[in-house]
Amino acid sequence: MKKILVLAIVLRVLVAAFLFHPDIKTFNFQASFLKKGVTDIYSYLIENRKTLPLKEEFVYFPLTYFVLGGYQAIASPVLGSGFDAWLGNADSNTAILNPNVFRYLLVLKLPYLILDISIAFLLLKFFDSGVMGKKAFIIWLFNPFTIFIIYAFGNIDIFPVFITLISLLLIKKEKLLLAALALGIAAGFKLYPLLFVPFLIFGGKSTKEKVLLGAIPFGIFGAISVPFLSQAFAQSTLISGLTTRIFNPGFAVGFGESIIVGLLLFSALFFGAWLTDKKPNMFNYWIAILLIIFSFSHFHIAWLLWIAPFVVILAVKKPFLSWPLFLLAMASVVIPLLYQDRSMTISLYRAYSTWFDLLPTPFNAVERFYDPYNLQSILHTIFAGGALTISYLLFRKEKSQ
Amino acid sequence: MIWLTTASVLTLVFVVPAVLASALKMIPVNIQPGYNSDIRLSIYKIRGFSQKFVAKTGNLTAIGTSIRNPNLKNKTDVIFSLYDNGNLIRTSILNGQNLEDGSFVKFVFPVIPDSLGKEYTFTITSPGAGPEETIEVFIIGEPEPTSGITEYTYEEEVHPGGIPLVSYSQPESKLKTINSVYSSWLSRLLSPGSQKSE
């Protein structure tokens, strides 16, 4: 066990230190203002945009800012005196050629390592059977997908993913109110855990408990967000990312209206749980929601981490799904790598050499032979088909068991 | 599974950079010199631009610089002509349609094997463009040793300096390129004190 853990950590350290996505520098630059006493980062960045070297908005929710900023304050003796200058360096060439870049990357990704390993232990505890728990532990530690997504992309989604998994464990232990609390905290980092709340409500045994299960996560999320409510906050967080992509119109029904496919299926799942499921299995609904989101939205590769622990649990619970899940995982990772965005692929290797800027992206390489958008669409459609089948099987098997 | 993932990660970290390095068809010789984006010259019709520079590399195969194409109005040919002692030796043509405003543009041409230390002149023209379809190059007002620029001619007047250019050479061999990439990476990784906090 010890040897396996050491190997898992070594692999993660290698990817963490050498692969670089520019987002980690951007959001850590923004989080560095906490050390200077800035609490409302949303307004601060917009008000000081003209004088700041990096102009991007802070698109995450407040807990991300406070956790990253707090960690930076703790880690500053290790990061050294040149760290803040590096964060603020808008020249992408000199920043990446800084010899300290490997140390910075490793230290900045250290919290991810801690949470990543903790998730492995949570999965170990998730199963009543020791054999199944150990299998989940190994799959989590030794699947290339999460190592790549967490450490190459410097993925802050690990925070809500970790807390959401705790929430699922609490549901398993029938501590639903604590699970609701955990979802609210997770939403303080990123919004997506709130999508699970409508289904959590159905787990309540009385009307009072149902109301509390709905109110607690939104209440906690509100308590975290309300102090920052402003035009800047709405512009930076609510209007970006998930909220806009998930509600992308699907097909028109005339007069400017359209049916949003992802929301349609979400709604069908919700009403299905409400009207037909007397004892809803939260795990099935949560993973189905995520499969729907990934099937019908233009997702960021970092989002795939949301579903990763659930996929591991599913692969262990239903081993016959292991290979289909592996193939779908491959497709889902390849789709975003085909986006026309250098930082998703070639630029991850800029810490080795900036010469790689001269290489074509996979998008450009594919373009010479075939329409890359069409290839993305084909892969996404295949993924959606597989994902919907797995969702169907989840509920069909569940009811027949 | 453990060994498959271990092999995948080691490949990702140690082998993929070599594969990427071996795919490089050219490598930059210098970093683009800094420039003031307010100092620019317009190129259209007979108003061309001529630059003298000393090649800092053998196997010269491209010259890159930043070019403005305001409002993407220029959709005509932008012609790069390279001269050695007044003789036209290479030409590279791009279309304005492919020039994003302010983007870094490379004029690629067949390799010149014995280019190291030789003085060349190149011109950039856009004879098909009218005054409304002008493209603009940025100007540095003095010679710049790392890029090799010495002087430029604009509207028949000679001035010191020129455009902030990057020269590119064709790698001698894939193995040498891979070696250079890993050497640069390791030298930064192992540079004294780099992995210790100050």
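Residues numbered from 1 in each chain as written. Chains lettered and ligands numbered in written order. Predicted model: local features only at pLDDT ≥ 70, side-chain atom pairs only at ≥ 80, totals over all residues.

### Examining the interface of chain B and chain A
Cut-off, in case you're wondering: Placing a C-beta atom from the backbone of each residue, one calls two residues in contact when those atoms lie within 7 Å. The numbering of helices and of strands both runs from the N terminus, where a helix is a DSSP run of H or I of at least 4 residues and a strand a run of E of at least 2. In this classification, the charged set is Asp, Glu, Lys and Arg, the nonpolar set is Ala, Val, Leu, Ile, Met, Phe, Trp, Tyr, Cys and Pro, and all remaining amino acids, among them Gly, are polar.
Opposite the 28 residues of chain B that make contact, chain A presents 29 residues. When residues in the side of chain B that touches chain A are grouped by element, the largest group, 11 residues, is from helix α1 (residues 2–22) of chain B. A class-by-class count of the residues in the side of chain B that touches chain A yields 18 nonpolar, eight polar and two charged.

### Observations concerning helix α2 (residues 22–31) of chain A
Put simply, the rule reads: Exposed residues have 12 or fewer other C-beta atoms within 10 Å of their own C-beta, buried residues have 20 or more, and partly exposed residues fall in between, where C-beta atoms are placed from the backbone.
The element α2 of chain A is largely enclosed, with a buried count of seven among its 10 residues. Taken together, the buried positions of α2 of chain A are occupied by Ile24, Lys25, Phe27, Asn28, Phe29, Gln30 and Ala31 of chain A.

### Details of helix α19 (residues 322–337) of chain A
Residues and elements named next belong to chain A. What counts here: A helix is expected to span 1.5 Å for every residue after the first. Working note: the arc is built from the helix axis to C-beta atom directions.
For α19, spanning 16 residues, the distance from its first C-alpha to its last is 23 Å, which sits close to the expected 22 Å at 1.5 Å a residue. Burial in α19 covers these residues: Leu328, Ala329, Ser332, Ile335 and Pro336. One side of α19 carries all its buried residues, which in axial view fall inside an arc of 125°.

### Comments concerning the pairing of strand β9 (residues 135–138) of chain B
Residues and elements named next belong to chain B. Short version of the rule: Note on pairing: two strands pair once DSSP finds at least 2 bridges between them.
Residues Ile135 and Val137 of β9 are buried on one face, and the alternating residues Glu136 and Phe138, pointing to the opposite face, are buried as well. The pairing of strand β2 (residues 40–43) with β9 spans four bridges and is classified as antiparallel. Across the sheet, the residue bridging to arginine 40 is phenylalanine 138, located in β9.

### A short note on the environment of alanine 329 of chain A
Residues and elements named next belong to chain A. Secondary-structure assignment places alanine 329 in helix α19. Classification of alanine 329 as buried rests on a count of 20 C-beta atoms within 10 Å. Remark: the alpha-carbon pair of alanine 329 and leucine 177, spanning 152 residues in sequence, is separated by 32 Å. If near-sequence neighbours (up to four positions away) are discounted, alanine 329 is found in contact with Phe145 and Val311.

### Details of the pairing of strand β12 (residues 166–169) of chain B
Residues and elements named next belong to chain B. Relative to β12, strand β1 (residues 27–28) runs antiparallel, the two sharing two bridges. Bridged to proline 28 within β12 is tyrosine 168. Two strands pair when backbone bridges link them, and strand β4 (residues 60–68) and β12 are joined in this way by four bridges, in the antiparallel orientation. The partner of glycine 64 across the bridge, within β12, is valine 166.

### A closer look at the environment of tyrosine 192 of chain A
The topology assignment puts tyrosine 192 of chain A in the loop between α11 (176–187) and α12 (197–201). Taking C-alpha positions, tyrosine 192 of chain A is 30 Å from glycine 254 of chain A, a pair spaced 62 residues apart along the chain.

### Quick notes on the confidence of the model for chain B
Detail in the predicted coordinates should be disregarded across regions flagged by low pLDDT. To be explicit about the condition: For every residue, the predictor reports its confidence as pLDDT, a number between 0 and 100.
Overall, the prediction assigns chain B a mean pLDDT of 89, with 96% of residues at 70 or greater. Under the prediction, the complex receives an ipTM of 0.85, its pTM being 0.88.

### Things to note about the packing of helix α1 (residues 2–18) of chain A against helix α9 (residues 144–152) of chain A
All names here are of chain A. Put simply, the rule reads: Axis definition: a line fit to C-alpha positions, over the contact stretch in the case of helices; interaxial angles, taken between N-to-C directions, run 0 to 180 degrees. Just so you know how the angles are binned, under 35 degrees is roughly parallel, over 145 roughly antiparallel, 65 to 115 roughly perpendicular, and the rest oblique. The sense of a crossing depends on the near helix, which, turned anticlockwise from the far helix by less than a right angle, makes the crossing left-handed and, turned clockwise, makes it right-handed.
It is at 8 Å that the axes of α1 and α9 come closest, and there the two elements cross at 40°. Relative to α9, the element α1 is oriented oblique. Between α1 and α9 lies a crossing of right-handed hand. Touching Leu11, Arg12, Val15 and Ala16 of α1 are Ile147, Phe148, Tyr151 and Ala152, all from α9. Residue composition of the contact of α1 with α9, by class: seven nonpolar, no polar and one charged.

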